Amino acid sequence: MRLDKYLKVSRLIKRRTVANEACDNERVTVNGRVQRASYDVKVGDEIGIRFGQKELRVEVVSVQENVGKADAAAMYREISPDKPS
């Protein structure tokens with residue numbers, strides 16, 4: 001599944017056009033590298049999304065075409081930010 005579609009289906013980003021713009025503006029990384037909206041998301045990928053000063057990091061748990069609102073959060077697992085030592 002395309003990265004922009006995954007972000008929308010999993011409800012990490014509300015609209016696919018917004019997800020596409022985030023990818024174009026280099027605010028989305030996969031496995032530590034900036035990726036385009038056409039990147040093929042796979043289970044186990046680590047996605048990072050920057051919202052201003054905040055960054056959300058998630059691990060892809062499942063890739064499904066259609067998911068209900070209640071089940072969308074089950075498509076990923078949040079990764080806690082690294083704590084400075």
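Okay, so let's go over this structure. These numbers come from a predicted model, not from an experiment.

It is worth spelling out the overall build of the chain at this point. Each helix and strand counted, the chain has two helices and five strands in total. Listing the helices and strands of the chain from first to last along the sequence gives α-α-β-β-β-β-β. Its C-alpha radius of gyration of 12 Å places the chain within 12% of the 12 Å reference for a compact globule of 85 residues. Each principal axis of the C-alpha distribution contributes one length, and for the chain these read about 40 × 25 × 20 Å. Burial statistics for the chain: of 85 residues in total, 35% are counted as buried. Looking at the chain alone, contacts between residues at least 24 apart form 37% of all its contacts between residues at least 6 apart. Carbon together with sulfur atoms contributes 45% to the accessible area of the chain, which is approximately 5,800 Å² in total. In the chain, the 17 positive side-chain charges and the 13 negative ones have mean positions that sit 5 Å from each other.

Before going further, it helps to spend a moment on the nonpolar core. Ranked by size, the top nonpolar core spans 23 residues in total, and within it L3, Y6, L7, L12, V28, I47 and I49 carry the most contacts. Broken down by secondary-structure element, the contributors of at least two residues to this core are α1 (3-9), α2 (16-24), β1 (28-30), β3 (46-51) and β4 (54-60). Looking at which element gives the most residues to this core, the answer is α1, with four residues. With sequence-adjacent residues up to four places away left out, I49 is seen in contact with L7, L12, I13, R27, V28, K54, E55 and L56.

What counts, and where the lines are drawn
- The residue numbers shown here count from 1 along each chain, following its written sequence.
- Local features in this predicted model are restricted to residues of pLDDT 70 or higher, and side-chain atom pairs are both shown and tallied only at a pLDDT of 80 or more, whereas totals for entire chains, interfaces and linings draw on every residue.
- Only hydrogens and water are removed before side-chain values are computed, so all heavy atoms of the structure are retained for them.
- Numbering of helices and strands starts at the N terminus; helices are DSSP runs of H or I of at least 4 residues and strands are runs of E of at least 2.
- Throughout, the radius of gyration refers to the C-alpha atoms, and the reference size of a globule is 2.2 Å times the residue count to the power 0.38.
- Remark: exposure states derive from per-residue accessible area (1.4 Å probe, protein chains only) relative to the maximum for the residue type, with buried under 20%, exposed over 50%, and partly exposed in between.
- The criterion used for residue contact is that any of the two residues' heavy atoms lie within 4.5 Å.
- Note on areas: these come from Shrake-Rupley sampling with a 1.4 Å probe, and a residue is covered only by the protein chains present in the view.
- Only four residue types enter the tally: Lys and Arg on the positive side, Asp and Glu on the negative side, with His and both chain ends excluded.
- A charged residue contributes its charge at one atom only: NZ of Lys, CZ of Arg, CG of Asp or CD of Glu.
- Residue types Ala, Val, Leu, Ile, Met, Phe, Trp, Tyr and Cys, when buried and joined through side-chain atoms within 4.5 Å, form a set referred to as a nonpolar core.

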